[in-house]
Each structure stands twice: as C-alpha cells, then as structure tokens.
Amino acid sequence: MEELLSGGTLVTEIDEQIVYSQLFSKRNAVWSLLLASGYLKVMGVEFAERTGRTHYTLGLTNKEVRIMFETMIRDWFAAQEDHYNDFIKALLLGDIDAMNTYMEKVAMEMFSYFDTGRAPSGEEPERFYHGFVLGLMVELADRYVLTSNRESGFGRYDVMLEPLDPQQDDGIVLEFKVFQPKREKSLEDTAAAALEQIREKKYGTALIAKGIPGEKIRNYGFAFRGKEVLIAGE
C-alpha cells in the first residue's frame, strides 16, 4: 500500500469473483475488492505462459482516492470504540433512514464526476457503486458470508449476505441500479425497480435453500444518480 500511496504501482493476480470469507485466507483477494470498487485501475496486463497465470499492474484511480486511503490508514491507528461503521450499524438494525443519511453524506464528500460518470475506469457506472458498497461491508465478515455476482433464482444478484447465525441475523440481498431517465422519472422509481428485480428473479432462492425462511430475508434496492443515492427496502 505504501507504494500505491506514493504514486507507484502494484503487480498481482486478481479474481473478479469476490467472496468475503476469502479476504482473510486468500492473499490477493483484497486487491480484487479494491479494483471492483473503482479505487484501483489496471495499468497493464501480462500473461506468463510458463505458469499460465495473468498478472495485473494496478494503480490508484485518482488523487481523491489516495487522500481517502491516507485518511483511512491514519484512522486505523486512532482509538476506536465502535466495531462497525455507521452504515453497517444501520443495515443490521434495518434502519433505512439512517442508511440513506450515511450514504448521502459519503456520496457528497467522496464521489467525484470521474467516479460516477457514464463509464468510470472504462466500466459501467454500476460497477463503481457496487464496489463502493461492498467495501463498506468488509467489517461484516465476522457475522456474514458475503458474496457478489453469483447465480441465484433466475439471475445473478449483486450482493448477498448469508448470516453465520440465522437465529441472530437476517439474510440480506442488495441490488444496485443507476437512474435511467428514459425509463424512470425519479430515484424512487429506480430503487423500486431494483427491489422488483430481486423479487422477479427470486434472488433469495440461495438463502432459502440454506434453510433461511423467506420472512428472515431482507431486500434492499440502491438507486444512484451521480452523487445522489436512495435506498429502499422491504
């Protein structure tokens, strides 16, 4: 990380399938997470024929990201009384108002046009938002198995949280959508469309198959328009 913060690069293997339980067992999983989050960008790709492995040269996306990591690392060494960040606390409590308040504040302070434009880092806008929310949830690895972009029901969900203790915690499914002005009149419509996709595609099937009853599964639709964020739940 020191090399990245000083303007250098990092060479590593990456895996687009992020499974949070692997963050503590797979050495390179965190770099895959940061790349999917839009915090890192690919500077170069090299395939080694002898080993059959592909190595990626990664760098920080922009100055704002570097400043964010510098602040975050500094905060790691500050006295912390709370185990979870405010967004995670609100998520665990099912407090949608608090979730929205947190996301609105963070979006205004940290999102830039280059992050949330039509094609940040050469990818679709959803990828940046998707990865950003994933990054917020890393603290939940002690209570949930978090997976991203896996098949369930009739499609691929964005994020699923499978509780390690179903008696204590609910299962959670998240879907992210960027506002489409040709199809939607407001962010409320976008968030409603995200929830409808979860229901229509039956994304909760994988949780139900593991013994979690439907009434113990919470769905959240995240709607984004530039720096604007709206979360709806059911």
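The text that follows walks through the structure, step by step, so that each part is easy to find. Worth saying up front: this structure is predicted, and the values here are computed from it rather than measured.

1. Comments concerning the pattern of salt bridges
Now for step 1: If you walk through the whole model with that rule in mind, you get 9 salt bridges.
Now for step 2: With a closest N to O distance of 3.1 Å, D170 and R218 form a salt bridge. With a gap of 48 residues between them, D170 in the loop between β7 (159–163) and β8 (171–178) and R218 in strand β9 (residues 217–225) connect regions that are remote in the sequence.
Now for step 3: In this structure, E234 engages R199 in a salt bridge whose closest nitrogen and oxygen atoms are separated by 2.6 Å. With E234 in the segment after β10 (228–233) and R199 in helix α8 (residues 187–200), the pair connects residues that are 35 residues apart, well separated along the chain.
Now for step 4: On the basis of relative accessible area, E234 is assigned to the partly exposed category, the value being 43%.
Now for step 5: Residue classification places R199 among the partly exposed positions, given a relative accessible area of 38%.
Now for step 6: Shared partners join several salt bridges into a network, and the residues in it are D170, K216 and R218.

Conventions used here
Residues numbered from 1 in each chain as written. Predicted model: local features only at pLDDT ≥ 70, side-chain atom pairs only at ≥ 80, totals over all residues. Heavy atoms only, no water. Salt bridge = Lys/Arg side-chain N within 4 Å of Asp/Glu carboxyl O. Helix = DSSP H or I, 4+ residues; strand = E, 2+ residues; numbered from the N terminus. Buried < 20%, exposed > 50% of the residue type's maximum accessible area, 1.4 Å probe, protein only.

These figures capture arrangement, not role.
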